[in-house]
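Okay, here's what each chain looks like letter by letter:
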There are 2 protein chains.
Amino acid sequence: MLKIKELGEFGFIDSIKLGKTVDDLKVGIGDDAAIISPHEEFDIAVTTDILVEGSHFFADTDPFAIGYRSMCANLSDIAAMGAIPKFYFVSLGINPERDFGYVKDIYRGLNYLAEQFDTNLAGGDTIKSDKTIISITLIGYVEKSVAIKREGKIEDRDLIVSVGPLGYSGAGLEVIKNKLDGFDEQAKVFLYPYPQVVAGRILAHSKLVRVMMDNSDGLASCIENLVIKNGFGAILFEEELFDEKLKAIAEITNRDYLDFVFNGGEDFGLVAVVRRDGFLDLSTFLEKSLINNNVKIIGEITQERKIVLRRLDNSFLEIKKTGYVQF
Amino acid sequence: MLKIKELGEFGFIDSIKLGKTVDDLKVGIGDDAAIISPHEEFDIAVTTDILVEGSHFFADTDPFAIGYRSMCANLSDIAAMGAIPKFYFVSLGINPERDFGYVKDIYRGLNYLAEQFDTNLAGGDTIKSDKTIISITLIGYVEKSVAIKREGKIEDRDLIVSVGPLGYSGAGLEVIKNKLDGFDEQAKVFLYPYPQVVAGRILAHSKLVRVMMDNSDGLASCIENLVIKNGFGAILFEEELFDEKLKAIAEITNRDYLDFVFNGGEDFGLVAVVRRDGFLDLSTFLEKSLINNNVKIIGEITQERKIVLRRLDNSFLEIKKTGYVQF
């Protein structure tokens with residue numbers, strides 16, 4: 001996994017360090033509440049997610065994977081603000097019949113990912129429940145005025161940038177359900193997605209990003225929130241979305257690969273609208289620095305308020321909530 | 001309900017104001033994470049609680065009461081640090097078969113209590129779940145170095161102070177289960193407990209409090225945590241714990257009223273160890289200012305590391321985890 005210290009270029013590297021701040025935790029586990037003492041230059045980012053057996057995983061799902069994915073979802077939300085994850089709180093609902101190893105493995109999964117970002121457990125609660133429930137609150141820091149929102153001023157000809165895989169998680173689920181061979185990378189993104197915390201920090205500090213969000217609900221939701229709701233439209237380039245493996249999985253499972261990309265979700269990458277000037281340099285840097293992070297300019301902002309996909313054959317497809325319209 | 005502005009005396013009243021700080025919420029509901037921008041003099045207090053149908057309430061429990069109690073439990077934790085509650089996050093698990101009114105009533109219950117303390121919803125998550133789940137994270141502010149912990153230096157002859165009812169919630173549950181008449185006050189504490197946020201602020205700012213916690217696990221747990229774990233013992237005075245109504249409910253239901261006091265819990269009051277000098281003035285002030293808050297000196301710190309109750313007849317009873325020992 002990439003550590004921020006392995007990044008070397010760019011003047012802002014110092015300012016995006018994740019760093020250890022356990023000292024900021026004045027009161028931790030075991031008191032009525034945790035007390036956190038952030039440096040005065042920071043705002044606080046707070047995100048919360050809940051997963052429950054039956055809806056998000058099953059009684060026999062590997063507990064390490066449950067913990068890992070819960071942490072990933074929260075880290076991804078913090079990444080999407082350009083913030084530094086710092087402290088997490090876990091409320092667990094556990095059936096008393098469960099083995100203690102099951103609970104320990106959930107925490108191992110949580111911590112495995114959290115510690116890669118120097119993020120520490122600061123409190124929580126465990127209760128009795130028939131079905132497993134895992135509710136995480138993650139607190140991050142972000143320098144005042146650095147946080148990147150979903151809502152904001154964007155401009156015609158701005159670039160649409162994607163970081164991380166697109167559609168792999170949805171396709172990976174099909175790989176696992178149908179026990180397909182030769183698609184390990186897609187299955188891995190489904191089982192062990194990677195949150196783009198470092199990329200989020202670099203993007204937020206670049207001063208080039210206008211709006212950003214994580215792609216956990218799929219690309220269509222990102223474009224809707226970042227582009228349409230901000231008063232513009234988008235043209236997306238299929239050559240940047242196309243992937244031979246996705247296409248193959250889609251064919252085997254009788255799906256459209258664009259469904260994985262636009263509606264699959266759970267990839268836990270980032271989508272951002274960025275200024276055109278200066279971004280190409282940053283993009284090269286990102287691609288070089290972030291191992292296998294798949295930084296791509298997938299489209300551009302247009303004035304007409306709709307989402308259009310320019311296909312490989314140069315035909316156009318309108319992306320709507322209800323489906324695709326050829327034109 | 002008492003509003004902090006109704007308090008008039010003491011020089012520190014200005015400094016314990018709860019106040020509106022919605023402006024501190026730079027990014028609220030609808031983005032990947034909330035962004036909170038506290039003033040630099042504050043630390044952040046964070047508490048989280050989860051309640052689930054079947055363990056904490058039933059399928060037919062009034063949803064307003066579920067919301068109210070969830071908020072109360074969290075406010076009480078923030079109160080026990082001496083902090084000001086500010087922003088809350090709600091993760092709800094809801095069965096899709098439920099009426100929308102059910103969900104609305106949970107939020108109404110949450111907000112009914114939260115708004116009395118100018119505490120605002122800042123984010124959350126709603127998911128599908130067979131059983132109702134409610135997971136709250138509450139964020140508060142507390143001036144640097146003001147937060148009161150459970151662990152700390154206490155001294156022989158310090159006073160043990162209780163704020164709020166003791167044992168009423170446990171007794172109130174019996175009143176409701178057995179449909180007893182004439183015990184409305186106890187039933188009310190069970191159904192609609194009141195978090196001691198204002199008292200917590202006054203105590204924390206008095207500079208007289210050494211350690212403090214909320215009494216949601218019962219008085220025995222408070223004395224264990226605040227006194228025994230800090231290396232001392234306690235003598236408690238039954239005349240300050242005794243209550244005719246508790247005694248009557250205990251007799252009708254074949255219980256010991258001391259069980260309600262020591263092990264009942266869920267009263268959501270505060271217990272603190274305070275310096276002897278100067279506290280009597282503050283105590284008078286608290287009693288006068290906080291309507292019906294029942295501020296009492298219920299005991300004293302002793303050197304011998306055990307918990308002793310001085311009974312009404314001047315005999316002594318040792319309070320142990322396993323029960324009571326007459327001596």
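These numbers come from a predicted model, not from an experiment.

## Here's the deal with the overall build of chain A
Then step 1. The helix and strand inventory of chain A stands at 10 helices and 14 strands.
Then step 2. Expressed as a percentage of its 327 residues, the buried residues of chain A come to 60%.
Then step 3. In chain A, 82% of the contacts between residues at least 6 apart in sequence involve partners at least 24 apart.
Then step 4. Surface summary for chain A: the accessible area is close to 13600 Å², and the carbon and sulfur share equals 48%.

## A closer look at the sheet that holds strand S3 (residues 42-52) of chain B
Then step 1. With mixed pairing, six strands are arranged side by side in an open sheet as S1(A)-S2(A)-S3(B)-S6(B)-S4(B)-S5(B). Two strands close off the open sheet at either side, each with one partner strand: strand S1 (25-27) of chain A together with strand S5 (120-128) of chain B. Neighbour to neighbour, the strand axes of the sheet diverge by 20 degrees on average, direction disregarded.
Then step 2. Bridge count between strand S4 (residues 84-94) of chain B and S5(B): eight bridges; the pairing is parallel.

## Concerning the packing of aromatic side chains
Residues and elements named next belong to chain A.
Then step 1. Counting across every chain of the model gives 14 aromatic pairs over all chains.
Then step 2. Pairing Tyr68 with Tyr112 gives two aromatic rings, centres 6.2 Å apart and planes at 35 degrees, and the pair type is tilted. Of this pair, Tyr68 sits in helix H1 (residues 63-80) while Tyr112 is found in helix H2 (residues 100-114), placing the two residues 44 residues apart along the sequence.
Then step 3. Looking at Tyr68, the relative accessible area reads 2%, which means it is buried.
Then step 4. Residue classification places Tyr112 among the partly exposed residues on the basis of a relative accessible area of 40%.
Then step 5. Three or more aromatic residues link up through ring pairs in this structure, and these residues are Phe64, Tyr68, Tyr112 and Tyr192.
Then step 6. Lying across the ring of Tyr102, Arg98 places its NZ or CZ 3.8 Å from the centre.

## Examining the pairing of strand S3 (residues 42-52) of chain A
All names here are of chain A.
Then step 1. Of all 11 residues that make up S3, 11 are buried, and the element is covered over most of its length.
Then step 2. The two faces of S3 match: Phe42, Ile44, Val46, Thr48, Ile50 and Val52 on one face and Asp43, Ala45, Thr47, Asp49 and Leu51 on the other face are all buried.
Then step 3. In this sheet, strand S6 (residues 133-143) lies alongside S3 in antiparallel orientation, the contact comprising 11 bridges. In the sheet register, Ile44 faces S6, and the bridge partner there is Tyr141.

## Concerning the relation of the copies chain B and chain A
Then step 1. Here chain B sits on chain A after a turn of 180 degrees about the axis and a move of 0.0 Å along it, with an RMSD of 0.0 Å. Such values leave the two copies arranged in the relation of a two-fold axis. Rotation axis and chain B: the residue whose C-alpha lies nearest the axis is B:Glu40, separated from it by 2.6 Å.
Then step 2. In this assembly the copies share their binding face: 100% of the residues contributing to the interface of chain B also contribute to that of chain A.

## A closer look at the packing of H1(A) against H2(A)
All names here are of chain A.
Then step 1. Relative to each other, H1 and H2 sit at 35 degrees, their axes nearing to 7 Å. Between H1 and H2 lies a crossing whose hand is right-handed. Mapping the contact onto sequence places Pro63, Phe64, Ile66, Gly67, Tyr68, Ser70, Met71, Cys72 and Leu75 in H1 and Tyr102, Asp105, Ile106, Arg108, Gly109, Leu110, Tyr112, Leu113 and Ala114 in H2.
Then step 2. Its residues placed into classes, the contact of H1 with H2 shows 13 nonpolar, three polar and two charged.

## Considering the nonpolar core
Then step 1. One finds A:Tyr88, A:Leu110, A:Ile134, A:Leu203, A:Leu270, A:Phe279 and A:Leu282 to be the most contacted residues of the largest nonpolar core, which totals 57 residues.
Then step 2. Within the second largest apolar cluster, 56 residues are counted, among which are B:Met71, B:Leu75, B:Met212 and B:Phe279.

## Topic: the environment of A:Val175
Residue and element names in this part refer to chain A.
Then step 1. Mapped onto the elements, Val175 comes out in helix H3 (residues 168-177).
Then step 2. With 12 residues separating them in the primary sequence, Val175 and Ala187 have C-alpha atoms 6.2 Å apart.
Then step 3. If we ignore the near neighbours within four places in the chain, the residues touching Val175 are Leu180, Phe183, Gln186, Ala187 and Ile249.

## Section: helix H6 (residues 219-228) of chain A
Then step 1. The buried count for H6(A) comes to nine of 10 residues, which makes it a mostly enclosed element.
Then step 2. For H6(A), the complete set of buried residues consists of A:Leu219, A:Ala220, A:Ser221, A:Cys222, A:Ile223, A:Asn225, A:Leu226, A:Val227 and A:Ile228.

## Concerning helix H5 (residues 197-205) of chain B
Then step 1. Counting buried positions along H5(B) gives nine out of nine residues, so the element sits mostly inside the fold.
Then step 2. Once H5(B) ends, the next one or two residues include B:Lys207, with phi positive near 65 degrees.

## A short note on the UniProt feature "binding site: Mg(2+) 4" (unreviewed entry) in chain A
Residue and element names in this part refer to chain A.
Then step 1. The sites that UniProt annotates as "binding site: Mg(2+) 4" (unreviewed entry) are Asp32, Thr47 and Asp77.
Then step 2. Looking at the element boundaries, Thr47 is found in strand S3.
Then step 3. By relative accessible area, Thr47 is classed as buried at 4%.
Then step 4. Among the polar contacts made by the side chain of Thr47, one reaches the side chain of Asp77 at a distance of 3.1 Å.
Then step 5. The topology assignment puts Asp77 in helix H1.

## Structural notes on a negative patch on the surface
Then step 1. Together, A:Glu40, A:Glu41, B:Glu40 and B:Glu41 make up a negatively charged patch on the protein surface.
Then step 2. Mapped onto the fold, B:Glu40 is located in the loop between strand S2 (34-36) and S3.

## As for the sheet that holds S3(A)
Then step 1. The six strands lie next to each other as S5(A)-S4(A)-S6(A)-S3(A)-S2(B)-S1(B), forming an open sheet whose pairing is mixed. Among the strands making up the open sheet, the edge pair consists of strand S5 (120-128) of chain A together with strand S1 (25-27) of chain B. Pairs of neighbouring strands in the sheet enclose a mean axial angle of 20 degrees, with direction left out of account.
Then step 2. Where S3(A) and S2(B) come together, three bridges link them in antiparallel fashion. Counted as the bridge partner of A:Val46 is B:Ala34 from S2(B).

## Digging into the pattern of salt bridges
Then step 1. As enumerated under the stated definition, the model contains 36 salt bridges over all chains in all.
Then step 2. As a salt-bridge pair, B:Arg150 and A:Asp32 come within 3.2 Å of each other at their nearest N and O atoms. With B:Arg150 in the loop between strand S6 (133-143) and strand S7 (159-163) and A:Asp32 in the loop between S1 and strand S2 (34-36), this residue pair bridges two chains.
Then step 3. For A:Asp32, a relative accessible area of 5% translates into the label buried.

## What to know about the interface of chain B and chain A
Then step 1. Across the contact, 48 residues belong to chain B and 49 residues belong to chain A.
Then step 2. Carbon and sulfur atoms make up 56% of the area that chain B and chain A hide from each other, which totals about 3800 Å².
Then step 3. Of all residues in chain B, the largest losses of buried area upon contact with chain A belong to B:Asp32, B:Val46 and B:Ile50, amounting jointly to 18% of the total for that side.
Then step 4. At the surface where chain B touches chain A, the tally comes to six salt bridges.
Then step 5. Across the salt bridge formed by A:Asp31 and B:Arg150, the nearest N and O atoms sit 3.6 Å from each other.
Then step 6. Joining chain B to chain A, the criterion identifies 28 residue pairs in polar contact (both at pLDDT 80 or more).
Then step 7. If one sorts the elements of the side of chain B that touches chain A by residue count, S3(B) sits on top with nine residues.

## Things to note about the side chain of B:Ser37
Then step 1. Tracing the backbone shows B:Ser37 in the loop between S2 and S3.
Then step 2. A distance of 2.6 Å separates a polar atom in the side chain of B:Ser37 from a polar atom in the side chain of A:Asp43.
Then step 3. Excluding residues that lie within four positions of it along the chain, B:Ser37 makes contacts with A:Asp43, A:Lys144, B:Asp24, B:Lys26 and B:Tyr141.

Rules used in this analysis
- Along each chain, residues carry numbers from 1 onward, in the same order as the chain's sequence is written.
- Lettering for chains starts from A, numbering for ligands starts from 1, and both go in the order in which the items are written.
- Predicted model: local features are reported for residues with pLDDT of at least 70 only, side-chain atom pairs are reported and counted for 80 or more only, and whole-chain, interface and lining totals are derived from all residues.
- Side-chain descriptors were evaluated using all non-hydrogen atoms of the structure, hydrogens and water having been removed beforehand.
- The way it works is that DSSP assigns letters per residue, a run of H or I at least four long becomes a helix, a run of E at least two long becomes a strand, and they are numbered from the N terminus.
- Working definition: with a 1.4 Å probe on protein chains only, accessible area under 20% of the residue-type maximum means buried, over 50% means exposed, and in between means partly exposed.
- By the convention used here, residues are in contact when the closest approach between their heavy atoms is within 4.5 Å.
- For the area figures, the Shrake-Rupley method with a 1.4 Å probe applies, and any residue is considered shielded solely by the protein chains shown.
- A strand pair is defined by DSSP finding two or more bridges across the two strands.
- A fitted line through C-alpha atoms represents every axis, and for helices the fit uses only the stretch in contact; the resulting angles, taken between N-to-C directions, go from 0 to 180 degrees.
- Pairing of aromatic rings covers Phe, Tyr and Trp, the last counted by its six-membered ring, and requires centre-to-centre distances within 6.5 Å; plane angles under 30 degrees mean stacked, over 60 mean edge-to-face, and any other angle means tilted.
- A ring has a charge above it when a Lys NZ or an Arg CZ is no more than 6 Å from the ring centre and no more than 35 degrees off the ring normal.
- The fit set for superposing copies consists of C-alpha atoms from residues with pLDDT of at least 70 in both; the fit itself is least squares.
- Working rule for handedness: look at the near helix, and if it is turned counterclockwise from the far one by less than a right angle, call the crossing left-handed; if clockwise, right-handed.
- Under the scheme applied, nonpolar residues are Ala, Val, Leu, Ile, Met, Phe, Trp, Tyr, Cys and Pro; charged residues are Asp, Glu, Lys and Arg; polar residues are all the others, including Gly.
- Buried Ala, Val, Leu, Ile, Met, Phe, Trp, Tyr and Cys residues form a nonpolar core when they are joined through side-chain atoms within 4.5 Å.
- UniProt positions are given in the numbering used here, feature names are shortened, and annotations may be inferred rather than shown by experiment.
- Distance and chemistry together define a polar contact, namely a pair of N or O atoms within 3.5 Å, with one atom able to donate a hydrogen and the other to accept it when in protein, and with adjacent residues in sequence counting only for side-chain atoms on both sides.
- What makes a patch is a set of residues exposed beyond 30% relative accessible area and free of salt bridges, joined within 9 Å when like-charged and within 5 Å when nonpolar (Val, Leu, Ile, Met, Phe, Trp, Tyr).
- Whenever Lys or Arg places a side-chain nitrogen within 4 Å of a carboxyl oxygen from Asp or Glu, that contact is recorded as a salt bridge.
- Working convention for charge: Lys and Arg count positive, Asp and Glu count negative, and His plus the chain ends are omitted.
- All charge positions are set by atom: Lys at NZ, Arg at CZ, Asp at CG, Glu at CD.
- Buried area counts how much accessible surface, traced with a 1.4 Å probe, disappears from two parts once they are put together, with both parts' losses summed.

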